[in-house]
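Examining the three-dimensional arrangement
Below, each chain spelled out in residue letters.
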Amino acid sequence: MGSPHEQAEADAVLPPRLAASTPYLLTRAVRSAARLSQSHFAGEALRFPHYVALCWLEHLGPCAQRDLARAMSADPSDLVTVLGALDDAGLLTREHDPADRRRNLLAVTETGHIWLSERHARARDYDAILCSATSDGGAALRRQLTALVVTDPAL
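Residues numbered from 1 in each chain as written. Predicted model: local features only at pLDDT ≥ 70, side-chain atom pairs only at ≥ 80, totals over all residues. Heavy atoms only, no water.

Section: the nonpolar core
Core analysis: the biggest nonpolar cluster contains 20 residues, and Leu-54, Leu-57, Leu-68, Leu-83, Leu-86, Leu-92 and Trp-115 have the highest contact counts within it. Listed by contribution, the elements that provide at least two residues to this core are α4 (48–60), α5 (65–72), α6 (79–88), β3 (100–108) and α7 (110–130). Once you skip the residues sitting within four places of it in the chain, Leu-92 turns out to touch Leu-54, Leu-57, Leu-83, Leu-86, Asp-87, Leu-106, Ala-107, Val-108 and Thr-109. (Core = buried A, V, L, I, M, F, W, Y, C linked by side-chain atoms within 4.5 Å. Buried < 20%, exposed > 50% of the residue type's maximum accessible area, 1.4 Å probe, protein only. Helix = DSSP H or I, 4+ residues; strand = E, 2+ residues; numbered from the N terminus. Contact = heavy atoms within 4.5 Å.)

Right under this line is the structure:
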């Protein structure tokens, strides 16, 4: 924020118990981020869960669906639809694992890498808008949220 007067005005908009409630503030922040996301990424066939899954896959390299789900702290069955849409869009491949023919290895395609590059740029713009009210561009907030996620991956 800015001056003590601006801080007092901002604090006055929330009841004191809610202004001191981390869960309430996180919930409000998530709702605001979701609204901004809808306007920033409107018209996209693939949404944020697709972006997240492909980012993880790019990070991990070729891997089995259950390994991807474990890394994402997601249920493998929850990824079926997301991975199907990514496959249909040509952004990932499913190939038999040479070590175990019963399972498939997922990998990002060249088209998937291009799609991710474009989305990374848009995500940076979105992040800048989302964190524009912070004095450090959101760096401290990201560190704090990362600490929460790393402490409890189920978050």
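Things to note about α4
For α4, built from 13 residues, the straight-helix expectation of 18 Å at 1.5 Å per residue is met to within 8% by its first-to-last C-alpha distance of 18 Å. In the core, the buried residues of α4 are packed alongside β1 (63–64), α5, α6, β2 (92–97), β3 and α7. Following α4 by one or two positions, Gly-61 has its phi on the positive side, about 85°. (Expected span 1.5 Å × (residues − 1).)

Considerations on unusual backbone geometry
Phi is positive for Ser-73, which is not a glycine, with a value near 55°. Mapped onto the fold, Ser-73 is located in the loop between α5 and α6.

Some words on the sheet that holds β3
Across the sheet, which stays open at both edges, the 3 strands sit in the order β1-β3-β2 with antiparallel pairing between neighbours. Taken across any chain shown, the strands that pair with only one partner, and hence form the sheet edges, are β1 and β2. Taken together, the 2 bridges between β1 and β3 define a ladder with antiparallel strand orientation. For Ala-64, the partnering residue across the bridge sits in β3 and is Leu-105. (Pairing = 2+ DSSP bridges.)

Things to note about the environment of Gly-61
Structurally, Gly-61 can be placed in the loop between α4 and β1. By relative accessible area, which is 18% here, Gly-61 ends up buried. Along the sequence, Gly-61 and Ala-107 sit 46 residues apart, while their C-alpha atoms lie 6.4 Å from each other.

Some remarks on the pattern of salt bridges
Two side chains bearing opposite charge may form a pair once their charged atoms approach each other closely. Under the defined criterion, the tally for this structure stands at 9 salt bridges. Between Glu-44 and Arg-119 there is a salt bridge, and its shortest N-O distance comes to 3.1 Å. Residue Glu-44 is found in the loop between α3 (22–40) and α4, and its partner Arg-119 is found in helix α7; the two are separated by 75 residues along the sequence. The exposure class assigned to Arg-119 is buried, which follows from its relative accessible area of 13%. Of the charged contacts, one joins Arg-122 and Glu-44 as a salt bridge, the two residues approaching to 2.3 Å between their closest N and O atoms. Here Arg-122, found in helix α7, pairs with Glu-44, found in the loop between α3 and α4; they are 78 residues apart in sequence, far enough to count as distant. Note on Arg-122: relative accessible area 25%, which makes it partly exposed. Put simply, Glu-44, Glu-118, Arg-119 and Arg-122 are held in one network by salt bridges that share partners. (Salt bridge = Lys/Arg side-chain N within 4 Å of Asp/Glu carboxyl O.)

With respect to the packing of α5 against α6
Viewed as axis vectors pointing N to C, α5 and α6 meet at an angle of 115°, and their least axial separation amounts to 12 Å. Relative to α6, the element α5 lies roughly perpendicular. Relative to α6, α5 is oriented so that their crossing is right-handed. Along the contact surface, α5 presents Gln-65, Leu-68, Ala-69 and Met-72, while α6 presents Leu-79, Val-80 and Leu-83. Residues that form the contact of α5 with α6 fall into these classes: 6 nonpolar, 1 polar and no charged. (Axes fitted to C-alpha atoms, helices over the stretch in contact; angles between N-to-C directions. Parallel < 35°, antiparallel > 145°, perpendicular 65-115°, else oblique. Left-handed = near helix turned anticlockwise from the far one by under 90°. Nonpolar A, V, L, I, M, F, W, Y, C, P; charged D, E, K, R; others polar.)

So, α3
With 19 residues, α3 should reach 27 Å at 1.5 Å per residue; the first-to-last C-alpha distance of 26 Å fits that figure. Here α3 starts with a cap whose side-chain oxygen sits 3.2 Å from the backbone nitrogen of Tyr-24, and that cap is Ser-21. (Polar contact = N/O pair within 3.5 Å; in protein donor to acceptor, adjacent residues only side chain to side chain.)

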